[in-house]
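Structural features, examined
As a plain string of letters, each chain reads:
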Amino acid sequence: MPAKPIKMVAFGDSLTAGLGLPANQAFPVRLQKALKSKGINVDMVNAGVSGDTTSAGRDRLDWSIPEGTDAVILELGANDGMRGTDPKVTRAALSDILTRLKARNIAVLLCGMLAPPNYGADYAARFNAIYPELAKEFGVPLYPFFLEGVAAETKLNQKDGIHPTAEGVDRIVKNMLPAVEALLGAIAGQRS
């Protein structure tokens, strides 16, 4: 009898939602397909909302993550960085999200984000430190930079230079797959 699928929610902003792409090219759909090709059965929910900041994500957390969710890929912060939001505000919102997911016994893969260079080195240092510090504090795995290998690669981004093309999404999925498999392996281990 096949194991019941792991319920996973991709919780994020336009990078998760798949802004500018057909629905079947969005990150959660491509990730689910990649996992399936490895024989890993996941029920994936795309809870990406374009334009969401970490604070907006926190505000919709409870109704975005249904009961029975086993794992969350947390991808928020790009809009905070682009708007120059105070890193203290971003950190507090992510900390609240992680606290609440942990209280519900939901496994989390935290996806890091890097500040755009236009706010200067001090801002970038404060912003970029949020993710590794929270991963350590909450004991959750960190995928250091969601757009690794895609950011600033012209051919992997749409005309806006911010949102990945379908090829860019596939690169993200390929890069992130080992981290997602490790997370799901830990969940499967807890179930048996």
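Summary of the structure given here. (Residues numbered from 1 in each chain as written. Predicted model: local features only at pLDDT ≥ 70, side-chain atom pairs only at ≥ 80, totals over all residues. Heavy atoms only, no water.)

Topic: the side chain of Asn79
For clarity, the threshold we go by: Secondary structure elements follow DSSP: runs of H or I of four or more residues count as helices, runs of E of two or more count as strands, with numbering from the N terminus. By definition, residues are in contact when any of their heavy atoms lie within 4.5 Å.
In this fold, Asn79 is placed in helix α4 (residues 78-83). Leaving out residues up to four positions away in the same chain, Asn79 has contacts with Asp13, Gly51, Asp52 and Thr53.

With respect to the packing of aromatic side chains
Put simply, the rule is: Only Phe, Tyr and Trp rings take part, Trp by its six-membered ring, and two of them pair if their centres are within 6.5 Å. Stacked means planes under 30 degrees apart, edge-to-face means over 60, and tilted covers everything else. Partly exposed residues are those whose accessible area sits between 20% and 50% of the maximum for their type, while under 20% is buried and over 50% is exposed, using a 1.4 Å probe and protein chains only.
For the coordinates displayed, the defined rule picks out four aromatic pairs. Between the aromatic rings of Tyr123 and Phe127, the centroid separation amounts to 5.9 Å while the plane-to-plane angle is 20 degrees, which identifies the pairing as stacked. Of this pair, Tyr123 and Phe127 both sit in helix α6 (residues 120-128), four residues apart, which is roughly one turn of that helix. Using a relative accessible area of 0% as the deciding quantity, one classes Phe127 as buried. Linked through ring pairs, Tyr119, Tyr123, Phe127 and Tyr131 together constitute an aromatic cluster.

Description of unusual backbone geometry
Even without a glycine there, the phi angle at Asn105 is positive, about 60 degrees. By the element assignment, Asn105 lies in the loop between α5 (87-103) and β4 (107-111).

Concerning the pairing of strand β1 (residues 6-12)
Applicable threshold: By definition, two strands form a pair when at least two bridges between them are found by DSSP.
Burial analysis of β1 places six of its seven residues in the buried class, which makes it a mostly covered element. Here β1 pairs with strand β2 (residues 42-48) via seven bridges, running parallel. What sits directly across from Lys7, in β2, is Asp43.

A short note on the packing of α5 against helix α7 (residues 130-138)
Just so we agree on the cut-off: Under this scheme, a helix contributes an axis fitted over its contacting stretch, all axes are lines through C-alpha atoms, and angles between N-to-C directions fall in the 0 to 180 degree range. The scheme is simple: roughly parallel for angles under 35 degrees, roughly antiparallel for over 145, roughly perpendicular for 65 to 115, oblique for anything else. For any pair of crossing helices, the crossing counts as left-handed if the nearer helix is rotated counterclockwise from the farther one by less than a right angle, and right-handed if it is rotated clockwise.
Close contact between α5 and α7 brings their axes to 11 Å; oriented N to C, the two are set at 30 degrees. By the criterion of interaxial angle, the relationship of α5 to α7 is roughly parallel. Like other packed secondary-structure pairs, α5 and α7 cross with a definite hand, here right-handed. Here α5 contributes Pro87, Thr90, Arg91, Leu94, Ser95, Leu98, Thr99 and Lys102 to the contact with α7, which in turn contributes Ile130, Tyr131, Glu133, Leu134, Glu137 and Phe138.

Some words on the sheet that holds β4
Here five strands make up an open sheet; going across it, the order is β2-β1-β3-β4-β5 and the pairing parallel. Edge strands, defined here as strands with exactly one partner in the open sheet, are β2 and β5 (142-143). Relative to β4, α7 is tilted by about 160 degrees, and along the sheet it contacts β4 and β5.

Structural notes on the nonpolar core
Considering soluble globular proteins, one finds that nonpolar side chains tend to be buried as a cluster. Basically, it comes down to this: Throughout this description, the term nonpolar core refers to a set of buried Ala, Val, Leu, Ile, Met, Phe, Trp, Tyr and Cys residues connected via side-chain atoms within 4.5 Å.
Counting 59 residues, the largest nonpolar core has Phe11 and Leu74 as its most contacted members. A per-element tally of this core places helix α8 (residues 166-191) first, with ten residues. Other than its neighbours up to four places away in sequence, Leu74 contacts Phe11, Leu94, Ile97, Leu98, Val108, Leu109, Leu110 and Cys111.

Describing the pattern of salt bridges
What counts is decided by this rule: Salt bridges are counted wherever a side-chain nitrogen of Lys or Arg sits within 4 Å of a carboxyl oxygen of Asp or Glu.
What the rule picks out here adds up to eleven salt bridges. Here Arg126 and Asp86 are joined by a salt bridge, their closest N and O atoms 3.4 Å apart. Taken together, the residues Arg126 in helix α6 and Asp86 in the loop between α4 and α5 connect sequence positions 40 residues apart. For Arg126, a relative accessible area of 35% translates into the label partly exposed. What makes Asp86 partly exposed here is its relative accessible area of 33%.

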